[in-house]
Amino acid sequence: MRAVAHRPTPPPAWQPRTDPAPLLPDAEPHRLLGTDAMAGADPELLLSLYDRLVLGRRFNTQATALTKQGRLAVYPSSTGQEACQVAAALALERRDWLFPSYRDTLAAVTRGMDPVRVLTLLRGDWHTGYDPYEHRVAPLSTPLATQLPHAVGLAHAARLKGDDVVALALVGDGGTSEGDFHEALNFAAVWRAPVVFLVQNNGFAISVPLAKQTAAPSLAHKAVGYGMPGRLVDGNDAPAVHQVVSEALARARSGGGPTLIEAVTYRIEAHTNADDATRYREEPEVELWRRHDPILLLERELTGRGLLDEDRRRSAADAAEAMAAELRERMNADPVLDPMDLFAHVYAEKTGQLREQSELLRAELTAEGETR
Amino acid sequence: MRAVAHRPTPPPAWQPRTDPAPLLPDAEPHRLLGTDAMAGADPELLLSLYDRLVLGRRFNTQATALTKQGRLAVYPSSTGQEACQVAAALALERRDWLFPSYRDTLAAVTRGMDPVRVLTLLRGDWHTGYDPYEHRVAPLSTPLATQLPHAVGLAHAARLKGDDVVALALVGDGGTSEGDFHEALNFAAVWRAPVVFLVQNNGFAISVPLAKQTAAPSLAHKAVGYGMPGRLVDGNDAPAVHQVVSEALARARSGGGPTLIEAVTYRIEAHTNADDATRYREEPEVELWRRHDPILLLERELTGRGLLDEDRRRSAADAAEAMAAELRERMNADPVLDPMDLFAHVYAEKTGQLREQSELLRAELTAEGETR
Amino acid sequence: MTPATTEARAAAKPATMAQALKRAMRDAMAEDPSVHVLGEDVGTLGGVFRITDGLAAEFGDDRCTDTPLAEAGILGAAVGMAMYGLRPVVEMQFDAFAYPAFEQLISHVARMRNRTRGRMPLPITVRVPYGGGIGGVEHHSDSSEAYYMATPGLQVVTPATVEDAYGLLRAAIAADDPVVFLEPKRLYWSKSSWSPTAPAKVPPLGRAVVRRPGTGATLITYGPSLPVCLEAAEAAAAEGWDLEVVDLRSLVPFDDETVCASVRRTGRAVVVHESTGFGGPGGEIAARVTERCFHHLEAPVLRVAGFDIPYPPPMLERHHLPGVDRVLDAVARLQWEAES
Amino acid sequence: MTPATTEARAAAKPATMAQALKRAMRDAMAEDPSVHVLGEDVGTLGGVFRITDGLAAEFGDDRCTDTPLAEAGILGAAVGMAMYGLRPVVEMQFDAFAYPAFEQLISHVARMRNRTRGRMPLPITVRVPYGGGIGGVEHHSDSSEAYYMATPGLQVVTPATVEDAYGLLRAAIAADDPVVFLEPKRLYWSKSSWSPTAPAKVPPLGRAVVRRPGTGATLITYGPSLPVCLEAAEAAAAEGWDLEVVDLRSLVPFDDETVCASVRRTGRAVVVHESTGFGGPGGEIAARVTERCFHHLEAPVLRVAGFDIPYPPPMLERHHLPGVDRVLDAVARLQWEAES
Ligand SMILES: Cc1ncc(C[n+]2csc(CCOP(=O)(O)OP(=O)(O)O)c2C)c(N)n1
Ligand SMILES: Cc1ncc(C[n+]2csc(CCOP(=O)(O)OP(=O)(O)O)c2C)c(N)n1
Ligand SMILES: [Mg+2]
Ligand SMILES: [Mg+2]
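An unreviewed UniProt entry annotates chain C as 3-methyl-2-oxobutanoate dehydrogenase (2-methylpropanoyl-transferring) of Streptomyces inusitatus. Annotation of chain C in UniProt includes, under Cofactor (unreviewed entry), the sentence "thiamine diphosphate".

Per an unreviewed UniProt entry, chain A carries the name Pyruvate dehydrogenase E1 component subunit alpha and comes from Streptomyces inusitatus. Annotation of chain A in UniProt includes, under Cofactor (unreviewed entry), the sentence "thiamine diphosphate".

In structure tokens, the structure reads:
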């Protein structure tokens with residue numbers, strides 16, 4: 001005979017919120033939302049985070065500028081969310097895997113990927129195109145939440161093979177509503193897969209605010225229904241994100257199973273350059289979040305601790321500027337594309353009809369004098 | 001400026017269970033799982049539940065027998081789960097809606113539906129076929145969890161129209177893993193739709209035990225992630241189910257939004273007559289649950305309170321026998337089917353090609369001398 | 001702004017297909033309180049293509065609703081709403097993002113009428129912006145009509161003109177069957193002199209139309225490929241081929257009558273669409289035309305379609321999309337010499 | 001029981017298609033530790049059709065895994081497993097229950113190789129029991145091959161014989177592309193003298209085969225309709241029609257060579273399948289055969305298919321399924337008089 005009751009006592013009754021989900025932080029919400037990681041953190045970590053945040057911000061502004069010059073098809077800026085992406089990616093070991101969503105370019109860059117390759121999808125010369133195995137970065141995923149079960153499957157496979165590998169999967173607040181989110185978290189918990197789910201709750205899914213997305217007390221609360229730990233963190237507090245993600249990774253690595261982390265942040269820019277955010281939100285709200293900027297917060301801490309002087313500040317800015325200049329230059333060169341590649345990777349071997357079709361295109365291109 | 005923190009404090013860390021989910025109840029688990037509804041309940045309610053449980057059990061055995069005689073294509077018996085279905089359906093008002101899954105034949109019968117019509121799908125003469133508007137019973141749903149968003153949409157529509165209607169949606173423990181479960185609960189909570197979700201946790205999804213389905217402390221805990229109340233009830237304690245469902249319906253009716261209820265019960269028979277349960281579970285486990293039979297529990301209470309004597313017992317059994325006899329007789333008659341109906345309800349009006357195809361079939365049938 | 005001033009403003013300049021679609025929903029909602037619009041970003045934002053712009057403002061959030069981000073949930077909820085007597089109009093944000101709702105569409109939307117012997121029809125319109133040519137990144141340019149065509153119980157409709165965008169969408173919303181309404185996104189900004197102040201009468205669903213009469217061969221097409229075919233027909237005229245262009249408008253039901261009447265007259269046909277060729281709509285169309293018109297055919301019915309590849313990235317899409325030249329090449333292969 | 005005794009036992013009597021499929025997975029798992037089976041009830045129970053019976057016992061739960069009940073999750077997890085170098089074999093319990101996984105299949109499984117320029121191929125086999133004729137209630141008898149055929153990046157394979165069940169499944173699991181492996185459930189219990197002790201060599205994917213040589217007309221078919229066509233060919237022989245029967249085996253890639261060689265020889269063709277006709281596989285097949293063999297054709301390529309309706313309930317399915325008579329009726333309409 002097993003335990004006396006085969007169920008724990010019923011959960012307490014949750015009273016759904018009656019007030020609309022409040023969206024505005026107070027003047028200094030990070031202290032409420034963050035851990036005390038900022039104060040406790042190692043100076044080197046803080047400085048490394050700082051450099052990368054500055055770089056990340058510059059990457060965002062540069063990429064957005066490139067859309068205006070027609071050099072990118074579209075760019076979903078993560079300005080304001082740099083701390084989430086940079087700190088989380090930095091917490092990974094090299095052997096670990098990252099499963100980014102389309103907005104997570106900075107997470108990919110932080111893993112060491114060539115920024116131009118990261119931008120392939122958004123530039124429009126191929127669909128992500130890069131080799132995921134090089135830096136263990138899965139293709140930036142566009143269909144929302146669909147990358148989460150991939151992360152679970154990969155983590156599960158790694159564990160079965162006895163490899164000490166954890167998968168970090170990123171998703172947005174909107175993405176948590178998709179069925180794939182549910183199925184992935186459930187599989188992860190049942191399989192105790194070494195995977196960490198990080199929700200960047202930036203307040204919006206395009207125009208839809210969080211209050212229309214969920215009635216849960218927090219997105220982190222969703223962990224409860226899967227039997228995994230849920231963690232809530234100030235997503236603009238880089239050391240806090242780093243700490244919470246590191247703990248979750250360690251837990252996963254040591255066989256403790258998955259964790260769901262909600263990082264509360266804000267999408268400062270419109271959804272993409274093609275979006276017009278003034279249609280659905282007010283400037284004062286954005287302004288409040290600007291004052292809670294992740295770079296500002298870190299600067300304040302670093303300055304307070306005497307770790308950041310003008311020189312250090314300038315060297316970070318210079319490095320970012322150099323990256324931007326190189327990016328600009330490389331992106332301003334037209335990519336050399338071979339239209340025949342359209343048929344190259346549909347199957348391991350071209351089917352008969354793909355051979356026919358590629359001949360058709362080759363003939364057209366020859367006629368146009370355009371093929372290589 | 002709104003509230004100081006825009007989030008409640010982080011949820012407590014959930015420690016996933018390290019022991020495999022225990023499946024066996026102790027000798028009298030209902031006392032742990034049930035409410036005190038049994039003792040407090042109105043005698044008339046208890047007797048009414050009793051009659052219907054007895055009827056329901058007989059319906060199950062009769063329908064199973066009909067599969068052996070080839071009169072039903074398949075039957076998923078709910079023996080052992082009668083209390084969930086009967087008590088929940090009985091808690092509904094006539095204007096309310098029921099969204100059953102394929103195993104919920106008793107819930108449909110309890111709503112007043114003609115048993116033969118309820119069995120249409122399983123007999124194989126049509127796909128459910130009955131008029132859902134007659135008793136406000138949606139078609140028995142085969143694709144798991146897909147009926148849940150329907151219930152939400154209907155409840156939402158009713159509320160928009162100002163109608164005092166609640167939808168009760170049934171789903172199995174296995175069904176809670178599907179994405180549609182997640183999406184339905186989330187929509188319900190965000191819309192505060194008057195809908196009640198009742199999970200019949202009968203321990204198995206065909207052969208797969210609950211421990212392979214979820215790592216959550218209970219399925220009721222899943223409510224937390226949607227911001228709705230979760231309730232756990234002994235699904236073999238009919239008055240308890242009736243009470244918990246009634247409370248949830250009242251809550252929904254008064255604008256309080258959805259509730260998730262987990263009723264813990266057990267599938268005494270195999271998944272369907274086509275399944276062989278000995279392949280995946282041991283008889284002693286079944287035996288334990290037989291001792292926790294919903295009819296037995298109710299009989300014990302009724303007898304203890306002097307409400308059930310031999311006569312009363314016999315009259316319930318006789319009514320059930322009469323129902324079974326009639327069912328047998330009616331199901332033994334071959335249904336009169338018109339193959340031309342195949343084309344009748346694909347679209348409001350037959351398309352050109354359906355007209356052509358129906359003429360083809362008509363010609364074939366005429367040749368066979370078979371059409372009506 | 002009152003509807004009257006909106007009208008006056010819109011009437012002042014040629015209307016786009018996007019405006020016609022919006023107007024169709026607006027008029028349907030004004031006439032019939034059971035019409036409800038739902039989807040991602042359809043409310044405050046007015047949709048990413050602004051097709052639902054102004055509906056929430058005019059009819060309220062309950063009539064035009066921003067849903068949580070979950071397509072199966074959206075369509076599933078629409079099923080429930082339709083069960084209760086509403087006429088939901090669902091917006092799928094892009095073609096590929098309708099796939100999560102596939103089970104709801106195939107197993108419920110398409111079958112509920114049949115399942116219930118006609119007692120529970122589901123008058124749901126599923127609007128799906130489809131096709132490429134707008135420089136969209138992966139998953140934003142699929143032509144998914146083959147999936148819907150292969151599903152009995154669904155009507156599949158696609159406008160190619162501004163006027164049809166209005167008329168067919170009104171007809172779809174009014175239909176008692178579920179309709180997958182495919183909107184050719186690269187025609188959203190195409191204009192015509194159609195005036196939203198004088199809505200055309202609602203055309204019946206299921207009727208093709210001859211957009212250009214001709215005698216030498218028939219181009220059978222729909223949606224985003226109609227302009228390509230009309231342009232090809234102009235170019236062909238210069239080479240002495242007189243092409244007839246048929247716009248299907250409705251893939252299901254299929255208008256065999258109009259199509260076959262044309263092909264019997266011309267004796268030659270090319271099916272043109274942007275969807276991949278293999279297993280795409282063209283196979284069905286070519287096969288049924290051949291079955292019905294075999295002895296009128298001077299040449300096999302040819303197909304000009306997208307290549308059998310995943311939709312390409314923006315910088316390569318022009319190589320994939322069937323253009324005027326490919327249509328003319330196919331026309332040239334119609335064995336004209338055999339005739340003389 | 002050791003594999004040897006299993007083999008000895010199985011060899012004693014004719015093997016069923018179900019046994020051949022099981023044996024194919026077993027052999028693949030024994031040879032290649034990266035082959036993993038996952039799905040609903042595939043472990044302890046051995047699957048509702050017992051196709052995976054014994055795999056968990058022989059290889060452990062980690063190699064043959066009962067998953068939670070969520071098809072998108074199963075296929076999505078398989079994607080991740082394949083990313084890490086495994087070769088997942090996914091079982092979808094029934095055709096219609098693969099629909100929840102549609103987005104994963106279309107947007108990821110079919111496209112990952114292309115998306116990553118060949119760096120990340122996904123060698124996933126998705127086993128889908130399909131088709132009717134077994135008295136299954138709603139959702140248990142769909143023929144969903146048209147959806148998969150219309151999706152570039154997927155191979156679509158379906159065996160019609162016991163021997164092919166083994167060989168093609170081995171080939172599918174060994175393939176570096178994702179394969180939708182459609183198992184004709186009403187042939188699960190069909191037998192042959194194929195002996196599991198002497199596995200045939202693994203046939204290449206993408207090759208059709210002539211199952212019955214003939215000269216008068218070609219029946220083009222696959223999966224559950226092969227036995228129907230062979231029976232029809234026998235019956236036709238009695239009426240003086242000598243029919244050739246081609247079993248496609250692979251819908252994608254499509255073996256134009258074998259099919260067209262046959263049709264050019266016979267000059268007449270009927271495509272036979274159980275899937276609905278409109279938008280079904282037959283349209284593509286008829287269209288491409290016509291494109292390639294037009295001047296060899298004495299009559300249009302005809303199609304015999306399921307009606308354009310949702311799959312019927314058990315008691316009516318025999319009226320829906322294309323049987324010998326319907327095939328013969330089509331053969332009779334192949335304009336034989338024109339020849340003489
Ligand atoms: C399955 C699916 N549905 C719809 C979309 C269209 N879409 C792209 S981004 C987006 C909003 C995503 O919001 P969120 O998950 O919060 O991520 P964020 O954009 O805020 O980073 C939508 C609806 C999509 N990409 N995938
Ligand atoms: C989407 C979907 N996947 C798979 C199935 C096949 N199937 C039928 S019943 C069943 C198990 C359901 O278990 P549960 O939800 O616990 O309900 P129960 O049978 O115990 O009542 C499965 C896998 C289905 N009907 N629908
Ligand atoms: Mg967001
Ligand atoms: Mg169950």
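K.L.:
Whenever I open this one, the coordination of the magnesium ion (ligand 3) confuses me. Can you help?
P.N.:
Each pair of donors in an ideal octahedron of six around a metal sits at 90 or 180 degrees, and each pair in an ideal tetrahedron of four sits at 109.5 degrees. Residues and elements named next belong to chain A. Protein ligation of the magnesium ion (ligand 3) involves Asp173 (OD), Asn202 (OD1) and Phe204 (O), the donor distances falling in the range 2.0 Å. Of note, the donors binding the magnesium ion (ligand 3) are all from one chain and are spaced D-x28-N-x1-F. In this pair, Asp173 sits in the loop between β2 (167-172) and α10 (179-191) while Phe204 sits in strand β4 (residues 204-205), placing the two residues 31 residues apart along the sequence. A relative accessible area of 5% means that Phe204 is categorised as buried.

K.L.:
Help me understand the UniProt feature "domain: Transketolase-like pyrimidine-binding" (unreviewed entry) in chain C, please; the structure alone is not making it clear to me.
P.N.:
When the UniProt feature table is mapped to this numbering, "domain: Transketolase-like pyrimidine-binding" (unreviewed entry) covers residues 15-190 of chain C. In residues 15-190 of chain C, helix accounts for 36% and strand for 17%; the two terminal C-alpha atoms are 8 Å from one another.

K.L.:
Looking at this structure, how should I read the packing of helix α9 (residues 226-238) of chain D against helix α13 (residues 324-332) of chain D?
P.N.:
The angle between the axes and the distance between the axes are what describe a pair of packed helices. All names here are of chain D. At their nearest, the axes of α9 and α13 sit 9 Å apart, and the two run at 55° to each other. It follows from the interaxial angle that α9 and α13 lie oblique. The handedness of the crossing between α9 and α13 is right-handed. Taking contact as the criterion, the partners of Val228, Glu231, Ala232, Ala235 and Ala236 in α9 are, on α13, Val324, Val327 and Leu328. When grouped by side-chain class, the residues that make up the contact of α9 with α13 number seven nonpolar, no polar and one charged.

K.L.:
Could you clarify how one ought to interpret the nonpolar core in this entry?
P.N.:
As a rule of thumb, nonpolar side chains are buried together in soluble globular proteins. Counting 286 residues, the largest nonpolar core has Phe197 of chain A together with Phe197 of chain B as the members making the most contacts within it. Formed by 66 residues, the second largest nonpolar core is a distinct cluster that contains Leu72, Ala83, Val241 and Leu249 of chain A.

K.L.:
So what exactly am I meant to see when it comes to the relation of the copies chain C and chain D here?
P.N.:
What relates the two chain copies is a rotation about an axis together with a slide along it. Placing chain C over chain D gives an RMSD of 0.0 Å and needs a rotation angle of 180°, together with 0.0 Å of translation along the axis. Taken together, the rotation and translation relating the two chain copies correspond to the operation of a two-fold axis. When the interface residues of chain C are mapped onto chain D, 100% of them are again interface residues, pointing to one common binding face.

K.L.:
What am I meant to see in unusual backbone geometry here?
P.N.:
The general pattern is negative phi for most residues beyond glycine and trans for most peptide bonds. The residue after Val252 of chain C, namely Pro253 of chain C, is reached through a cis peptide bond having omega -5°. Checked against the element boundaries, Pro253 of chain C lands in the loop between β12 (250-252) and α10 (256-266). One non-glycine residue, Asp41 of chain D, lies in the positive phi region at around 65°. As for its position among the elements, Asp41 of chain D is in the loop between β2 (35-39) and α3 (55-59). Classification of Asp41 of chain D by relative accessible area gives buried; the value is 3%. The residue Gln335 of chain D is not glycine, and still its phi comes out positive at about 55°. Within the fold, Gln335 of chain D resides in the segment after α13. Looking at Gln335 of chain D, the relative accessible area reads 17%, which means it is buried.

K.L.:
Would you take a moment to explain the interface of chain C and chain D for this structure?
P.N.:
Interfaces are often sized by the accessible area lost when the parts come together. Residue-level contacts link 47 residues of chain C with 47 residues of chain D. Where chain C touches chain D, the interface holds eight salt bridges. With a closest N to O distance of 2.7 Å, Arg303 of chain C and Glu284 of chain D form a salt bridge. Viewed at the interface, chain D and chain C are joined by 16 residue pairs in polar contact (both at pLDDT 80 or more). Among the elements of the structure, α5 (102-109), α6 (112-115), α7 (145-149), β12, α11 (281-293) and β14 (302-306) of chain C are those that each provide at least two residues to the side of chain C that touches chain D. With seven residues, the single largest contributor to the side of chain C that touches chain D is α11 of chain C. The class makeup of the residues in the side of chain C that touches chain D is 24 nonpolar, twelve polar and eleven charged.

K.L.:
How do you make sense of the sheet that holds strand β6 (residues 155-157) of chain D when you look at a structure like this?
P.N.:
Adjacent strands of a sheet form backbone hydrogen bonds with each other and so pair up, either parallel or antiparallel. Residues and elements named next belong to chain D. Reading across the sheet, the seven strands line up as β3-β2-β4-β5-β7-β6-β12 and stay open at both edges, with mixed pairing between neighbours. The sheet is open, and its two edges are formed by β3 (64-66) and β12 (250-252), each paired on a single side. Neighbouring strand axes in the sheet, compared pairwise and without regard to direction, differ in orientation by 20° on average. Pairing between β6 and strand β7 (residues 179-184): three bridges, direction parallel. Along β7, the bridge assignment pairs Val157 with Phe181.

So, how was this worked out
- One numbering rule holds for all chains: residues counted from 1, following each sequence as written.
- The naming scheme follows written order: chains are lettered A onward, ligands numbered 1 onward.
- Restriction of local features to residues with pLDDT of at least 70 applies here, the model being predicted, together with a cutoff of 80 or more for giving and counting side-chain atom pairs; totals for whole chains, interfaces and linings are based on all residues.
- For the side-chain quantities, the full set of heavy atoms in the structure was used; hydrogens and water were omitted.
- UniProt positions are given in the numbering used here, feature names are shortened, and annotations may be inferred rather than shown by experiment.
- Each metal's donors comprise the N, O and S atoms found within 2.8 Å of it (within 3.2 Å for Na, K or Ca). Water is not part of the atom list, so some coordination spheres may appear incomplete.
- The helix and strand labels rest on DSSP assignments: H or I over at least four residues marks a helix, E over at least two residues marks a strand, and numbering proceeds from the N terminus.
- For the exposure calls, accessible area comes from a 1.4 Å probe over protein chains only, and a residue counts as buried if that area is under 20% of its type's maximum, exposed if over 50%, partly exposed in between.
- Axes, fitted as lines to C-alpha atoms, cover a helix only where it is in contact. Angles between the N-to-C directions of the axes lie from 0 to 180 degrees.
- Oblique is the label for every angle not falling under 35 degrees (roughly parallel), over 145 degrees (roughly antiparallel), or within 65 to 115 degrees (roughly perpendicular).
- Less than a right angle of anticlockwise turn of the near helix away from the far helix marks a crossing as left-handed, whereas a clockwise turn marks it as right-handed.
- Here, residues are in contact when the closest pair of their heavy atoms is within 4.5 Å.
- Charged means Asp, Glu, Lys or Arg here, nonpolar means Ala, Val, Leu, Ile, Met, Phe, Trp, Tyr, Cys or Pro, and polar covers whatever is left, Gly included.
- As used in this record, nonpolar core signifies buried Ala, Val, Leu, Ile, Met, Phe, Trp, Tyr and Cys residues forming a set joined through side-chain atoms within 4.5 Å.
- Superposing copies: least-squares fit, C-alpha atoms only, residues required to have pLDDT of at least 70 in both.
- The rule for a salt bridge is simple: a side-chain nitrogen of Lys or Arg has to be within 4 Å of a carboxyl oxygen of Asp or Glu.
- Pairs of N or O atoms within 3.5 Å make up the polar contacts considered here, provided that, within protein, one atom can donate a hydrogen while the other can accept it, and that residues adjacent in sequence are counted only when both atoms are side-chain atoms.
- Should DSSP find at least two bridges between two strands, the strands are regarded as paired.

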